[in-house]
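# Architecture at a glance
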Amino acid sequence: MSKTSNINRVDGFAKVTGSATYSAEYKTPGVVYACLVGSTIAKGRIKSIDTKKAEWAPGVLAVITHLNVDKPAGYEKAKDKRNFGQPLQVFKDDSVLYYDQPIALVIADTFERMQYAASLIKAEYLKEEHTTDLNKAKDKEKKIDTDKGNDYHRGIQDGYKNAEVVLEEEYKIPTEVHNPMELANIIAKWEGNKPSLFTKSQGVEGTRKSVAGVFGIPVEDVSVNSEYLGGAFGMGLHTWPYEIAALIGAKKLNRPVKLVLHREQMFTNVGFRPYTIQKMGLGATKDGKLTGLTHEAVAMTSSYEDFMEGTVNMSRFIYNCDNVSTRYRIVPLDTCTPIWMRGPGEATGSFALESAMDELAHKLDMDPIEFRKRNYAEKDLEQNKPWSSKYLLDCYEAGMERIGWKNRNNKPGTVKEGDWLVGYGMGTGTFGSYRNTSTVKAKFLVDGTLVLQCSVNDMGPGTATMMTAIGAEITGIPAEKVVIEMGKSGLPKGPTQGGSATTSSVGSAVHDACNLLISKALGLASENQNFKNIPVTDLTFANGTITSSKNSGKTVSLISLLNDNKLEELAVEKESKGTEEAKKYSIYSFSVHFVKVLVNQNLGKIRIAHVVSCADIGTVINQKTSAGQMFGGAVGGIGMGLMEALEIDHRFGRPINNNFADYHVPVNADIEKQEVFFVNKKDPISNPMGTKGLGETALVGMAPAIANAVFNATGKRVRDLPITLDKIL
């Protein structure tokens with residue numbers, strides 16, 4: 001990608017000026033307002049619920065509970081049926097499975113009346129003993145016999161125990177919450193038996209399927225619009241109970257219903273990164289060759305769903321080690337179901353793995369990067385496949401130079417700047433680069449515009465900009481003449497936005513559709529009087545003009561071609577999917593985060609003085625949006641490393657810092673200097689553009705980089721995130 005590799009975000013103007021319409025902002029005639037009332041206990045049953053005062057309040061149109069709900073047809077199906085990952089059936093019965101679980105839906109003609117009526121609802125409960133503390137419930141851990149849940153062994157099981165130098169340590173990551181600026185929201189309405197949703201979803205097609213399953217209707221009858229998202233980070237990967245509740249209310253009243261969660265509900269009802277306890281066992285020779293690696297993880301899930309993620313997966317292949325064992329267990333707790341969060345599983349797992357690698361390097365008195373280089377994996381030993389491409393060593397070298405690694409002393413606490421102890425740390429990251437089946441419709445319009453259509457949406461990474469760049473590059477149509485239509489049902493089917501697969505998947509479909517469209521244009525041009533008796537193979541398309549390679553004087557513009565044939569548009573629709581050849585390779589993105597920290601030796605205050613993030617993501621489609629992804633991932637990692645933790649009062653099973661004042665996230669003042677570097681070498685296998693995923697690996701490895709830098713500065717190893725000053729002093 002050359003000509004269009006640095007275009008501005010195509011949605012930037014709309015977002016900055018406020019003309020971008022988010023799902024809760026659509027003007028819907030006759031809309032009424034709804035809110036959820038949540039349980040005040042973490043486990044038990046509803047003994048009674050008094051809704052009379054709310055029902056009699058001015059403007060109230062309906063109060064829906066388990067006592068009067070019109071249960072959707074899909075509720076009669078298997079209880080554990082996963083609807084876009086969400087089996088909880090809202091208002092199904094009187095059971096309470098977690099604190100703030102929806103127990104009532106209040107609908108009124110104004111927002112203020114709705115809020116007031118909700119405050120009037122009172123419930124009495126039959127409480128049961130709840131469990132929300134993973135540390136006290138590890139005896140309830142269970143193994144799930146699936147590909148994700150099965151134990152993995154290569155070589156000698158727990159072979160690290162026989163090594164010359166052994167490290168065994170435990171690492172903890174607390175619950176972290178997505179907390180995008182845009183609250184979870186939906187406008188739901190029905191036309192007969194056909195629902196229409198404006199909702200915050202990362203997957204239009206997934207939402208359609210889940211809603212169809214819940215209400216027992218054909219998928220084609222469900223309309224979903226989710227063009228703009230104000231951040232999601234993973235919360236949009238489920239169809240949550242609030243969405244189904246709004247649909248139930250809209251169906252009952254036969255009126256459009258708008259429901260927006262309040263900030264406190266964002267901590268309890270739309271998932272989170274699960275609290276995870278990890279044990280690492282590493283063994284090496286005295287000269288730094290890994291001989292064994294064992295990674296065990298125990299993570300929370302809900303009592304009603306077995307949620308798992310790839311916490312231990314990275315440890316199976318990132319280093320060259322003959323003896324590797326991984327085990328993953330889950331513990332049911334009385335909470336909402338966790339959900340994938342940016343860098344799902346891998347961000348959690350990398351904290352333990354990359355911290356342990358640094359600890360073992362220190363034990364060996366070896367530079368952490370030199371230790372990693374000695375154990376560099378030239379192939380994927382887990383799958384026994386070659387890499388499609390791997391330039392991780394380039395990332396190491398670029399990061400070392402930019403961060404000033406030469407200034408690092410292997411002995412902690414020896415480098416100072418005034419009253420500040422200086423530390424340097426790094427962490428390796430990786431994430432699979434996937435290509436999902438996607439379809440794009442490409443159209444040349446008579447005014448010279450190129451239109452690209454796909455139901456995929458853009459939750460912030462710049463998907464529309466990527467589609468524009470690829471379409472403009474292939475066709476030569478100026479980027480400002482490319483129009484993207486996306487984020488709603490009825491368009492050609494695109495994938496869910498997540499897992500770093502969108503560019504590879506949708507970008508490939510854009511690539512294939514545009515090339516097919518050009519072929520169709522050349523075929524039409526071959527019938528033009530300018531090109532009679534000239535084979536199609538001798539015609540070329542560039543910048544909206546068709547030219548004969550044998551006679552450069554013969555040209556015809558695309559606009560003229562359409563006009564001559566009395567056509568308003570020329571269109572093709574193309575499905576694109578991965579190749580059989582790609583299955584022979586292991587396709588991963590790689591990243592390295594380098595951090596320089598300053599730690600005040602008197603106060604324990606930690607400053608992030610410099611961050612350098614380097615990534616091998618194949619061809620960079622757009623430098624600006626890619627850099628933005630890398631900056632954002634690193635900032636998320638700073639939150640993970642230094643600030644974020646959902647605190648639960650386990651006596652009641654409820655969060656106590658469920659607001660932005662007490663749940664801390666990074667702000668501009670927390671990052672003093674940040675740099676991004678891309679290797680930018682084409683992957684020959686991944687897809688036609690040679691790209692690999694970026695969004696997830698942009699965060700993976702950042703938290704351990706901070707922990708390693710803090711250790712280098714202070715000599716204190718923090719193994720339970722976040723790293724707060726009380727753990728330093």
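Preceding block: the structure.
The structure presented is a predicted model; accordingly, all values stated were derived computationally and were not measured.

Within the chain, the regular secondary structure consists of 14 helices and 29 strands. Computed over the C-alpha atoms, the radius of gyration of the chain is 27 Å, within 12% of the 27 Å expected from 2.2 N^0.38 for a compact globule of 729 residues. Each of the 729 residues in the chain was classed as buried or not, and the buried ones make up 60%. Working note: accessible area of the chain is about 28100 Å², and carbon and sulfur atoms make up 48% of it. The averaged location of the 84 negative side-chain charges in the chain is 1 Å from the averaged location of its 86 positive side-chain charges.

Moving on, we come to the sheet that holds strand E13 (residues 276-284). Strands sit in the order E7-E15-E14-E13-E8 across an open sheet of five strands; the sheet is mixed. Each of the sheet's edge strands pairs with one partner strand only, and the pair in question is strand E7 (152-154) and strand E8 (165-173). Going across the sheet, the axis of each strand differs from the next one's by a mean of 10 degrees, ignoring polarity. Pairing geometry for E13 and strand E14 (residues 290-302), over nine bridges, is antiparallel. Among the inter-strand pairings, Lys279 is bridged to a residue of E14, identified as Glu296. This element, helix H6 (residues 346-363), spans E8, E13 and E14 of the sheet and lies at about 145 degrees to E8.

Turning to the nonpolar core, a few remarks are in order. Formed by 76 residues in total, the largest nonpolar core has its most connected members in Leu360, Val595, Val597, Ile706 and Ile723. Once residues within four sequence positions are removed from consideration, Val597 is found in contact with Leu421, Val422, Gly423, Ile606, Arg607, Ile608, Ala609, Ala709, Val710 and Ala713. Leu36, Leu134, Val214 and Tyr242 belong to the second largest nonpolar core, which has 60 residues in total.

Here the focus is the sheet that holds strand E20 (residues 482-486). If you trace the four strands from one edge of the open sheet to the other, you get E20-E19-E18-E24, paired in mixed fashion. The open sheet has two free edges, formed respectively by E20 and strand E24 (569-576), since each of these has just one partner strand. Each adjacent strand pair in this sheet contributes to an overall mean axis angle of 20 degrees, direction not counted. Bridge count for strand E18 (residues 438-445) against strand E19 (residues 450-454) is four bridges, and the pairing is antiparallel. Bridge pairing links Lys443 to Val451 in E19.

Let's shift gears to the side chain of Glu176. Among the structural elements, Glu176 can be located in the loop between E8 and strand E9 (185-191). For Glu176, a relative accessible area of 1% gives the class buried. When residues no more than four places from it in sequence are discounted, the contact partners of Glu176 are Phe272, Arg273, Met341, Met640, Glu644 and Tyr663.

So, about the packing of H6 against helix H13 (residues 702-714). Interaxial distance between H6 and H13 falls to 8 Å at its minimum, and their mutual angle equals 30 degrees. Considering the angle they form, H6 stands roughly parallel to H13. At the point where H6 passes H13, the crossing takes the right-handed sense. For the pair formed by H6 and H13, the contact residues are Ser350, Phe351, Glu354, Ser355, Asp358 and His362 on the first element and Ala703, Pro704, Ala707, Asn708 and Phe711 on the second. Split by residue class, the contact of H6 with H13 holds five nonpolar, four polar and two charged.

This paragraph deals with the environment of Ala709. Position of Ala709 among the secondary structure elements: in helix H13. Along the chain, Ala709 and Met426 lie 283 residues apart, while their C-alpha atoms are 7.2 Å from each other. Each residue touching Ala709, except ones within four places of it in the same chain, is listed here: Gly423, Tyr424, Gly425, Val595 and Val597.

Further remarks concern the pattern of salt bridges. Under the counting rule described, the total for this entry stands at 33 salt bridges. Residue Glu296 pairs with Arg327 through a salt bridge whose shortest N-O separation is 2.9 Å. One end of the pair, Glu296, is in strand E14; the other, Arg327, is in strand E15 (residues 324-333), and 31 residues separate them in sequence. Connected via shared salt-bridge partners are Glu169, Glu359, Arg717 and Arg719.

For the rest of this paragraph, the subject is the environment of Asn162. Tracing the backbone shows Asn162 in the loop between E7 and E8. Considered as a pair, Asn162 and Gly283 are 121 residues apart in the sequence and their alpha carbons are 7.4 Å apart.

The rules we used
- Residues numbered from 1 in each chain as written.
- Predicted model: local features only at pLDDT ≥ 70, side-chain atom pairs only at ≥ 80, totals over all residues.
- Heavy atoms only, no water.
- Helix = DSSP H or I, 4+ residues; strand = E, 2+ residues; numbered from the N terminus.
- Rg over C-alpha atoms; globule rule 2.2 N^0.38 Å.
- Buried < 20%, exposed > 50% of the residue type's maximum accessible area, 1.4 Å probe, protein only.
- Areas by Shrake-Rupley, 256 points an atom, 1.4 Å probe, with all protein chains shown as cover.
- Lys, Arg positive; Asp, Glu negative; His and termini not counted.
- Charge placed at Lys NZ, Arg CZ, Asp CG, Glu CD.
- Pairing = 2+ DSSP bridges.
- Axes fitted to C-alpha atoms, helices over the stretch in contact; angles between N-to-C directions.
- Contact = heavy atoms within 4.5 Å.
- Core = buried A, V, L, I, M, F, W, Y, C linked by side-chain atoms within 4.5 Å.
- Parallel < 35°, antiparallel > 145°, perpendicular 65-115°, else oblique.
- Left-handed = near helix turned anticlockwise from the far one by under 90°.
- Nonpolar A, V, L, I, M, F, W, Y, C, P; charged D, E, K, R; others polar.
- Salt bridge = Lys/Arg side-chain N within 4 Å of Asp/Glu carboxyl O.

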